[in-house]
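Residues per chain are reported as follows:
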Amino acid sequence: MWKLRSSGLSCGVCANFQIPSPRCFMNSITTSSIDVKPKVPLYLRPPSFSASLSELTKWHKWAKNLASSVGSSFINLDNGPDSTLLRRELNWLLQDLIELQHRSVILSRLESGNNENPDVSVALRAPLEEMYCVWRQRIEKRRPFQYVVGCEHWRDLVLSVQEGVLIPRPETEVIIDLVEGVALNNAPELAQGFWADLGTGSGAIAIATARALATHAHGDACGRVIATDLSPVAVAVATSNVQRYGLQDVVEVRKGSWFEPLKDVQGKLAGVLSNPPYIPSGDISGLQAEVGQHEPILALDGGISGTNDLLHLIDGVASMLKPGGFFAFETNGEKQCKFLVEYIENEKPGSFRDMNIVSDFAGIQRFVMGFRR
Amino acid sequence: MNCVAMSSTARLFTTFNDFSVRRGFTPQSRCLRVARPWPRSRASRIVCMAEPYLITKLESAEKTWKELSVRLADPDVVSNPTEYQKLAQSVSELDEVVSTFRRFKECEKQLEEAKALSEEEGTDVDMAEMIASEISSLSGQLKELEEKLKVLLLPSDPLDARNIMLEVRAGTGGDEAGIWAGDLVRMYQKYSERNSWKSTLISCSEAEKGGFKTCVIEVKGKCVYSKLKYESGVHRVQRVPQTETQGRVHTSTATVAIMPEADEVEVEIDPKDIELTTARSGGAGGQNVNKVETAVDLFHKPTGIRIFCTEERTQLQNKSRALQLLRAKLYEIKVREQQELIRNQRKSQVGTGARAEKIRTYNYKDNRVTDHRLKMNFELTSFLEGDIENAVQACSAIEQKELLEELAESVATTAG
């Protein structure tokens, strides 16, 4: 339990925010997922707290100054966020904190520095003391913003995330564009098949894929998605996200390693998608603190070259897909993309067709995709 | 407000303008039967309501209103909510014209009767006085109704009901211009609050010493464009900057652009014309990085417009915002070209045309804002707190006056 600086705040409130070590999850592989209770994201908590506008303004000012004091120090340290990004996070934190009805008025008041009505009571989804705590955690401990608010906005979804689950990345949003634009566009019948999202984490890819399948099925029998993950926390969180989007009849979450829980659909899958761990083990200690010290290593570490899991997936995917089935995997960049394509051409000749490397919006080659012959 | 209905109203008015002018007197224009001529000395500024052209317009409006009201009762229309809403909108927009025209006709009739009475022989002095005062009061009312009708017949700008994108760009003056841009953004946010509009930050690039290099906010609410359209142009400030050590007054500028929102049908964007990239400063990107960098950079090749959208929480959402802003910008170019044409024809003071036009100077020392189009001054402190309504109304009044004069000229030329 880290020390609070003196500010007269009650410590009891912060006892809830002990940051678990990411490594502790490596040992809890055998723990059943029922033991993990997914946390409710801030924006979904009832607005049963309040603060006066002047108290809120005081907190906002303090938080903004704390963010501004960082400057470029995190960038220099480990390529972390700068003050502009931290101030943007603060705005989003406020959005989640303040209940919807009065949000735009309060937000514009805070921006404009309007001092009228200081005693007006503002409904909040968490006590203001908690906000002092969590913002300090953000800046001092580099706890990821998404864990602080308990959610990540991704594509057109809002996914609940917590310690033990990889935070979905913006790059990964493109995988769904590949599902729709390449797979379903060229082979519309795939929309009725079984798809798999391996290493689902929060369930991001699985949920977005299920929605894409429903759109493309045009009222015909819609396909299904099986999401797998080794981590009990991920299984619990993915399940809760699936439920929140009302997709429990379309998306099934299974616990297990890669293809093992999918023996019953071997050779029958219409599509296999994955964002597997792909960072070389040696790079992990050099990553920005938000990632390296807080996100689950299980979801990041891909072995010495970072390609252990990707190769495992390539080795197994041909036998999992039905003929004409589609696959797409995210990688660490150009080097890994080219390596995988070469591997497939040498080791799995004739297994696939129409293979392609696709770049992300930053222009980095990011995805390898193809169809089973 | 339903924009489609607005444009149908505009079309109705265009029809009136296209209406062929009937030369000579129609049997229906009762006031022309009256022996007294309208005083010609006022004709130079005010259009005579008796002009057949305008009476025809009003009667046509009444006829249309009756027809539309009948159609509203049609069971086929009632069962179709969108159709019903469109019709109901058109009817309600004509309501005021029709009811005012009816009051005008009633007033005319009463005035005629009073005049007829006054010409009767054998009325006593008291009665004659009463009739004279009745004539005077009715004439006054008739004049008021006449003015009101002229204004109601002015074509309304179909864009008035639209939401807008408001862009503030720092101009000359270095750091101080950036700070000034920030002050203007705040002023508009406060004005929005006063009008219960919703203002959302779409995209901004902060300036080093505070404020913005550019900032775009979306303003949504009732009749936003109709009020903010007069803000387009260059806003100049004269004050001692925060960064100034020797107390000298500097002049810097910021440019405001008001862009009505356009929908996808009005502005088509060819996917081949745009380049979309994101700035992930992480180098390796992907799992290596966790930064809230959902910003999207949209480049429109044919026009060279570059849009940077940063404020939404996902790339996908920033991409749609960027496209929305691009549509508004492309639409604004189209609209501005049309308005420049009109503006030059009309020699308008408050046209929403010229981007580079200096419209206001804000002088801190004298606590004064000077609007160069209105040639009016306002108190600076309250102005910057969002109290700009007086300036907005003054611009609106001038525009209305110009439109009325134009209407008068067009009638005079057609009649002549």
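Just so we're clear, the structure is a prediction, and the values are computed from it rather than from any experiment.

Participant: So what's going on with the packing of helix 1 (residues 53-70) of chain A against helix 3 (residues 83-97) of chain A? Which residues, and what values?
Facilitator: Residue and element names in this part refer to chain A. Running from amino to carboxyl end, helix 1 crosses helix 3 at an angle of 155°, the nearest separation of the two axes being 8 Å. With respect to helix 3, the element helix 1 is oriented roughly antiparallel. Viewed along their axes, helix 1 and helix 3 form a crossing whose handedness is right-handed. Counted together, L56, W59, H60, A63, K64, A67, S68 and V70 of helix 1 and S83, L86, R87, L90, L93, L94 and L97 of helix 3 form the full contact between these two elements. Of the residues contributing to the contact of helix 1 with helix 3, the split by class is 10 nonpolar, 3 polar and 2 charged.

Participant: Any details on the packing of aromatic side chains? Residues and values, ideally.
Facilitator: Taken as a whole, this structure holds 10 aromatic pairs over all chains when the rule is applied. An angle of 35° between the planes, with centres 5.3 Å apart, marks the rings of F327 of chain A and F329 of chain A as tilted. Given a relative accessible area of 0%, F327 of chain A falls into the buried group. Measuring from centroid to centroid gives 4.8 Å for W180 of chain B and Y362 of chain B, while their planes differ by 70°, and the two rings are edge-to-face.

Participant: Account for the interface of chain B and chain A, naming residues and giving values.
Facilitator: Taken together, the contact pairs 32 residues of chain B with 49 residues of chain A. Buried surface at the junction of chain B and chain A, summed over both partners, amounts to about 3,400 Å²; 47% is from carbon and sulfur atoms. Of all residues in chain B, Q287, N290 and R313 of chain B bury the most surface against chain A, accounting for 28% of the area lost on that side. Where chain B packs against chain A, one counts 2 salt bridges. In this structure, D96 of chain A engages R313 of chain B in a salt bridge whose closest nitrogen and oxygen atoms are separated by 2.8 Å. Put simply, chain B and chain A have 22 residue pairs in polar contact (both at pLDDT 80 or more) between them. Breaking the side of chain B that touches chain A down by element, the ones donating at least two residues are helix 6 (174-194), strand 2 (198-206), strand 6 (274-278) and helix 8 (315-346) of chain B.

Participant: Describe in detail the side chain of N163 of chain B, supporting the description with residues and values.
Facilitator: Looking at where N163 of chain B falls in the secondary structure, it is placed in the loop between helix 5 (125-152) and strand 1 (164-170). Look past the residues within four positions of N163 of chain B in its chain and what remains in contact with it is V219, K220, G221, V224, M259, P260 and E261 of chain B.

Participant: Go over the sheet that holds strand 3 (residues 212-220) of chain B with me, naming the residues and quoting the values.
Facilitator: Residue and element names in this part refer to chain B. Pairing is mixed in the open sheet, where 8 strands are placed in the order 2-3-1-5-4-9-10-11. Two strands in the sheet have a free side with no partner beyond their single neighbour: strand 2 and strand 11 (376-379). Across the sheet, the mean angle from the axis of one strand to that of its neighbour is 20°, orientation sign disregarded.

Participant: Hey, could you go over the sheet that holds strand 10 (residues 352-359) of chain A for me, with residue numbers and the actual values?
Facilitator: Residue and element names in this part refer to chain A. Judged by pairing direction, the sheet is mixed, and its 7 strands sit side by side in the order 7-6-5-8-9-11-10 without closing on themselves. Each end of this open sheet is capped by a strand with a single partner; those strands are strand 7 (251-255) and strand 10. Within this sheet the neighbouring strands show an average axis-to-axis angle of 15°, counted without direction. Note: strand 9 (residues 321-330) against strand 11 (residues 365-372), 5 bridges, orientation antiparallel. Pairing of A328 across the sheet is with M369, part of strand 11. Those strands touched by helix 7 (residues 173-186) are strand 5 (194-198), strand 8 (269-274), strand 9, strand 10 and strand 11, and its axis lies near 30° from that of strand 11. Docked against the sheet, helix 11 (residues 308-320) engages strand 5, strand 8, strand 9, strand 10 and strand 11, running at close to 165° with respect to strand 9.

Participant: Residues and numbers for helix 3 of chain A, please.
Facilitator: Residue and element names in this part refer to chain A. For helix 3, which comprises 15 residues, the first-to-last C-alpha distance of 21 Å matches the rise-based estimate of 21 Å (1.5 Å per residue) to within 8%. Counting buried positions along helix 3 yields 12 of 15 residues, so the element is predominantly enclosed. Where helix 3 is concerned, the buried positions are S83, L85, L86, R87, R88, E89, L90, W92, L93, L94, D96 and L97. Of the residues that open helix 3, the one with a side-chain oxygen 3.2 Å from the backbone nitrogen of T84 is D82.

Participant: Before we move on, could you go through the pairing of strand 8 (residues 305-309) of chain B and cite the residues and values that matter?
Facilitator: Residue and element names in this part refer to chain B. Here strand 8 shows one buried face, formed by I305, I307 and C309, and one open face, formed by R306 and F308. Relative to strand 8, strand 7 (residues 296-300) runs antiparallel, the two sharing 5 bridges. Bridged to L298 within strand 8 is I307. Count of turn residues in the strand 7/strand 8 antiparallel hairpin: 4 residues, of which G304 carries a positive phi of about 80°.

Participant: Report on unusual backbone geometry, specifying residues and quantitative values.
Facilitator: Despite not being glycine, R142 of chain A shows a phi value in the positive range, around 60°. By the secondary structure assignment, R142 of chain A is in the loop between helix 5 (128-141) and helix 6 (145-149). Judged by relative accessible area, R142 of chain A falls into the buried class, the value being 5%. Non-glycine residue S196 of chain B carries a positive phi angle of around 55°. Along the chain, the position of S196 of chain B falls in the loop between helix 6 and strand 2. Taking relative accessible area as the criterion, S196 of chain B reaches 65% and is therefore assigned exposed.

Participant: Describe in detail helix 5 of chain B, supporting the description with residues and values.
Facilitator: All names here are of chain B. The end-to-end C-alpha distance of helix 5, which contains 28 residues, comes to 40 Å, matching closely the 40 Å that a straight helix rising 1.5 Å per residue would cover. For helix 5, every residue scored as buried is listed here: I131, I135, L138, L142, L145, E146, L149, K150 and L152. One side-chain oxygen of the residue at the start of helix 5 lies 3.4 Å from the amide nitrogen of D126, identifying that residue as D124.

Participant: How would you sum up the pattern of salt bridges? Please name residues and give values.
Facilitator: In the structure shown here, the tally under the stated rule is 46 salt bridges over all chains. With a shortest N-O distance of 3.6 Å, D315 of chain A and K348 of chain A are connected by a salt bridge. Highlighted residues: D315 of chain A in helix 11 and K348 of chain A in the loop between helix 12 (334-347) and strand 10, separated in sequence by 33 residues. Relative accessible area serves as the criterion here: at 37%, D315 of chain A is assigned to the partly exposed category. Residues D371 of chain B and R373 of chain B are paired through a salt bridge, measuring 3.0 Å at the closest nitrogen-oxygen approach. Given the relative accessible area of 4%, R373 of chain B is considered buried.

Participant: I'd like to hear about the environment of R103 of chain B, residue by residue, with values.
Facilitator: Residues and elements named next belong to chain B. As for its placement among the helices and strands, R103 is situated in helix 4 (residues 81-119). The spatial distance from the C-alpha of R103 to the C-alpha of L145 is 7.8 Å, given a sequence separation of 42 residues. Discounting chain neighbours no more than four positions away, the residues touching R103 are L145 and K148.

Cut-off values and rules
Residues numbered from 1 in each chain as written. Chains lettered and ligands numbered in written order. Predicted model: local features only at pLDDT ≥ 70, side-chain atom pairs only at ≥ 80, totals over all residues. Heavy atoms only, no water. Axes fitted to C-alpha atoms, helices over the stretch in contact; angles between N-to-C directions. Helix = DSSP H or I, 4+ residues; strand = E, 2+ residues; numbered from the N terminus. Parallel < 35°, antiparallel > 145°, perpendicular 65-115°, else oblique. Left-handed = near helix turned anticlockwise from the far one by under 90°. Contact = heavy atoms within 4.5 Å. Nonpolar A, V, L, I, M, F, W, Y, C, P; charged D, E, K, R; others polar. Phe/Tyr/Trp six-rings, centres within 6.5 Å; stacked < 30°, edge-to-face > 60°. Buried < 20%, exposed > 50% of the residue type's maximum accessible area, 1.4 Å probe, protein only. Buried area = accessible area lost by both parts, 1.4 Å probe. Salt bridge = Lys/Arg side-chain N within 4 Å of Asp/Glu carboxyl O. Polar contact = N/O pair within 3.5 Å; in protein donor to acceptor, adjacent residues only side chain to side chain. Pairing = 2+ DSSP bridges. Expected span 1.5 Å × (residues − 1).

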